[in-house]
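These are the residues of each chain, in order.
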Amino acid sequence: MQGYVLCFLSVAVVVSGCSSDGTGPPLEPIDGIRAVPVASGLQAPVHLTAPTGDERLFVVEQAGRIRIIRNGTLLPTPFLDITDRVSFGGEQGLFSVAFDPDFASTGHFWVDYTDDAGDTRIERYTVSSDPDVADPASALLVLAVDQPFSNHNGGQLAFGPDGMLYIGMGDGGSGGDPLGHGQNPSTLLGALLRIDVKSAVPYGIPADNPYIGSTSARPEVWAIGLRNPWRFSFDPATDRLYIADVGQGDWEEINAVPDDAAPLNYGWNIMEGPECFNAASCSQTGLTTPIHSYPHPDGCSVTGGFVYRGERLGGLQGHYFYSDYCGGWLRSLRLAGGAATDHREWAVGDIGQVLSFGVDADGELYVLSGNGSVYRLDPSD
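The shown structure was predicted, so the numbers you read here are calculated from the model rather than taken from an experiment.

Quick question: what am I supposed to make of the sheet that holds strand 25 (residues 339–346) here?
The pairing of strands in a sheet comes from backbone hydrogen bonds and takes either a parallel or an antiparallel form. Across the sheet, which stays open at both edges, the four strands sit in the order 22-23-24-25 with antiparallel pairing between neighbours. Strands at the two margins of the open sheet, each flanked by one partner only, are strand 22 (302–307) and strand 25. Averaged over all pairs of adjacent strands, the angle between strand axes in this sheet comes to 25°, irrespective of strand direction. Where strand 24 (residues 330–336) lies against strand 25, six bridges are found, and the strand directions are antiparallel. Bridging from a neighbouring strand, Leu 330 pairs with Trp 346 of strand 25.

Here it is in structure tokens:
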């Protein structure tokens, strides 16, 4: 990923709000948004989340640490430090953490990282007797995936509304998908995976996964045709799955579908955004097309966010927020009738290169910056 000096609109934007499901009568409009600093001094913060009902914020540092922010204070001792196991640099590192929906009782959480060989590892860990420190010796390997190149490692983990663990996997890297992973369900690359980590150790295959029983596909695969789904998220109000898939050289795209719509094919490397990528084979039959695409050089690497369901920005409930690593802007859209509407760009000042978004246990939205800071989005007034 490459970035440059950020630029933002210099005027406040007035947005007509919508109901909490994004389709009903308007709520009180928001005149503007400001980015409130919450923490600084972090090393490449790439993910933020919180267990259900937990007031703490857990921030993933790409180098291999998970840090805790409590009551606005960044705790000095990491929750987890696996820097000795993580290959860090470029598009490699520790990418995300997913807490057990029953974390308060099980103490389990899962992480996604690239190891010393550059290969993907999904591991489960357990919190220690100290609730602010995990037990590094509790590591349980759940899934290992060989990576042929050092880029396009995906990296998102998230529990869906169905209680299953979803894993975003890039196409294996290089450029143009030279190994053909995107359209090949027999590989775990270029795909969204869905596994059951609650009913079996290290995991089981959900009975409704689309490729169960196939001799030419992996049963873990939930959807194919992804290039590098750096960030995806579920809308808790609608169960809709949003995937921001990083493009090749011309287009960035955002997809949104019901979480039970598998099997899906998001089109890579037949398509890049709304256009054909592989001119020799460009049939769009059976492909899921994005709800929104934007061209280069408006950006270079989409940073997917969340559908807002908090209270601070009440007039924006139901709006999906996203950014771009190179573009540096903060934008939102709303899905209505299957189409992206209410496109807005927000003037929040210079917050650096946006690496990721996060939400806390109350559904409030945060932005993670390459300048080592975490910002919360609040009304400008």
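On we go from here.
It is not clear to me how the side chain of Arg 334 should be interpreted in this structure. Could you clarify?
Structurally, Arg 334 can be placed in strand 24. Relative accessible area serves as the criterion here: at 14%, Arg 334 is assigned to the buried category.

What is the right way to look at the nonpolar core in this model?
Soluble globular proteins tend to bury their nonpolar side chains together. By size, the foremost hydrophobic cluster in this structure holds 39 residues, and its most contacted members are Ile 66, Phe 79, Leu 80, Phe 109 and Val 111. Among the elements that line this core, the one with the most residues is strand 7 (residues 94–99), at four residues. When residues no more than four places from it in sequence are discounted, the contact partners of Leu 80 are Gly 64, Arg 65, Ile 66, Phe 109, Val 111, Tyr 125, Ala 134 and Pro 136.

Please explain the pattern of salt bridges as it appears in this structure.
Pairing of side chains with opposite charge becomes possible as their charged atoms draw close. Counting across every chain of the model gives 17 salt bridges. A salt bridge links Arg 312 to Asp 378; the shortest N-O distance between them is 3.5 Å. In this pair, Arg 312 sits in the loop between strand 22 and strand 23 (319–324) while Asp 378 sits in strand 28 (residues 374–379), placing the two residues 66 residues apart along the sequence. Arg 312 gets classed as partly exposed once you look at its relative accessible area, which sits at 39%. Among the residues examined, Asp 378 registers a relative accessible area of 4% and is labelled buried. Salt bridges here are not isolated pairs; linked through shared partners, they connect Asp 54, Arg 56, Arg 70 and Asp 132.

Even after reading the chapter, I still don't get empty space enclosed by the protein, so can you show me in this structure?
One water molecule sets the probe size; rolling that probe over the atoms shows where empty space is left. Applying the stated criterion across every chain, the model contains two cavities of 30 Å³ or more. Within this model, the largest cavity holds a volume of roughly 50 Å³. Arg 227, Asp 245, Val 246, Gly 247, Glu 253, Trp 268, Met 271, Glu 272 and Gly 273 together form the lining of the largest cavity. Counted by class, the lining of the largest cavity contains three nonpolar, two polar and four charged residues. Of the pockets and cavities examined, the second largest cavity occupies roughly 40 Å³. As for the second largest cavity, its lining consists of Tyr 266, Gly 267, Met 271, Gly 273, Gln 284, Leu 287, Thr 288, Thr 289 and Pro 290. A class-by-class count of the residues in the lining of the second largest cavity yields four nonpolar, five polar and no charged.

Procedures and definitions
- Residues numbered from 1 in each chain as written.
- Predicted model: local features only at pLDDT ≥ 70, side-chain atom pairs only at ≥ 80, totals over all residues.
- Heavy atoms only, no water.
- Pairing = 2+ DSSP bridges.
- Helix = DSSP H or I, 4+ residues; strand = E, 2+ residues; numbered from the N terminus.
- Axes fitted to C-alpha atoms, helices over the stretch in contact; angles between N-to-C directions.
- Buried < 20%, exposed > 50% of the residue type's maximum accessible area, 1.4 Å probe, protein only.
- Core = buried A, V, L, I, M, F, W, Y, C linked by side-chain atoms within 4.5 Å.
- Contact = heavy atoms within 4.5 Å.
- Salt bridge = Lys/Arg side-chain N within 4 Å of Asp/Glu carboxyl O.
- 1 Å grid on protein atoms, 1.4 Å probe; cavity = no way out; pocket = protein on both sides within 12 Å on 5 of 7 lines; lining within 4 Å.
- Points joined across faces, edges and corners; volume = space filled by probe spheres on them.
- Nonpolar A, V, L, I, M, F, W, Y, C, P; charged D, E, K, R; others polar.

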